Amino acid sequence: MKKLLVVVDYQNDFVDGALGFDGADTIEDEIVKLIDKFEKNNDFVAFTLDTHESDYMQTTEGKNLPVEHCIKGTDGWKVRERLQEYLTRHPVFEKHTFGSINLGNYIQGINVLIDEVYLVGLVSNICVISNAIIAKSALGKYGKVFVVKNATASFDEEMQQKGFDILENLHIKVI
């Protein structure tokens, strides 16, 4: 069986833009290493992109997190430069909220080919946790889901640890 690596929202606005934070850039080498490993093994790789429009501030998220970010077409919306070449070879799922139902549908479509899903990226206790739960649901009762600890980060280390604890409680391994 093959594996799937999901790179969650590794975009400029989360690294050094509107919602950037110290430490977000430190996971980039590990993400690139994992993508290269998955490609070498002919495993699957997919990306999610946090994607908002000009009406962001009127959305539910915008009212709760009133910081414009990842506005489609802006530099902040783009995946980090080092990862951009990979986007031409792998599925990319734009999402307007934390989790991607389209990613879940993709996983359901390939779940006879894969038995493990690995998630990396930003932000661990928001979008990574949301997509890990979606992946767990979509993969089926025998599949395994992992979050790679040294390839994900958060602006809030306490919330990150709480998120990791919740994932473990849901049988999603943090490795």
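As shown above, the structure is provided for reference.
Residues numbered from 1 in each chain as written. Predicted model: local features only at pLDDT ≥ 70, side-chain atom pairs only at ≥ 80, totals over all residues. Heavy atoms only, no water.

## Some words on a nonpolar patch on the surface
A cluster of nonpolar side chains, contributed by Ile133, Ile166 and Leu170, occupies part of the molecular surface with about 230 Å² of accessible area. The residue Ile166 is located in helix α6 (residues 157-169) in this model. You can call Ile166 partly exposed: its relative accessible area is 45%. (Patch = residues over 30% accessible without salt bridge, like charges linked within 9 Å, V, L, I, M, F, W, Y side chains within 5 Å. Areas by Shrake-Rupley, 256 points an atom, 1.4 Å probe, with all protein chains shown as cover. Salt bridge = Lys/Arg side-chain N within 4 Å of Asp/Glu carboxyl O. Helix = DSSP H or I, 4+ residues; strand = E, 2+ residues; numbered from the N terminus. Buried < 20%, exposed > 50% of the residue type's maximum accessible area, 1.4 Å probe, protein only.)

## Here we look at α6
Helical geometry note: an α-helix holds 3.6 residues per turn, so side chains three or four residues apart project in the same direction. Taking 1.5 Å of rise per residue, the 13 residues of α6 would be expected to cover 18 Å, and the 18 Å separating its terminal C-alpha atoms lies within 8% of that figure. Residues of α6 that are buried make contact with α5 (124-139), β5 (144-153) and β6 (173-174). Just downstream of α6, His171 is the residue with a positive phi angle, here 70°. (Expected span 1.5 Å × (residues − 1). Contact = heavy atoms within 4.5 Å.)

## So, the nonpolar core
Formed by 30 residues in total, the largest nonpolar core has its most connected members in Leu5, Val7, Ile31, Ile35, Leu83 and Leu122. Among the secondary structure elements, those contributing two or more residues to this core are β1 (2-8), α1 (12-15), α2 (28-40), β2 (44-50), β4 (114-122) and β5. Looking at which element gives the most residues to this core, the answer is α2, with five residues. If sequence neighbours within four positions are ignored, Val7 has contacts with Ile31, Ile35, Ala46, Phe47, Thr48, Leu83 and Val120. Grouped together as the second largest cluster of nonpolar side chains are 25 residues, Val8, Leu119, Ala138 and Val147 included. (Core = buried A, V, L, I, M, F, W, Y, C linked by side-chain atoms within 4.5 Å.)

## Overview of the sheet that holds β1
Spatially, six strands are ordered β3-β2-β1-β4-β5-β6 in an open sheet, and the strand pairing comes out parallel. In the strand order of this sheet, the two ends are held by β3 (92-95) and β6, each with one partner. Sheet topology places β1 next to β2; five bridges connect them, and they run parallel. Across the sheet, the residue bridging to Val8 is Thr48, located in β2. (Pairing = 2+ DSSP bridges.)

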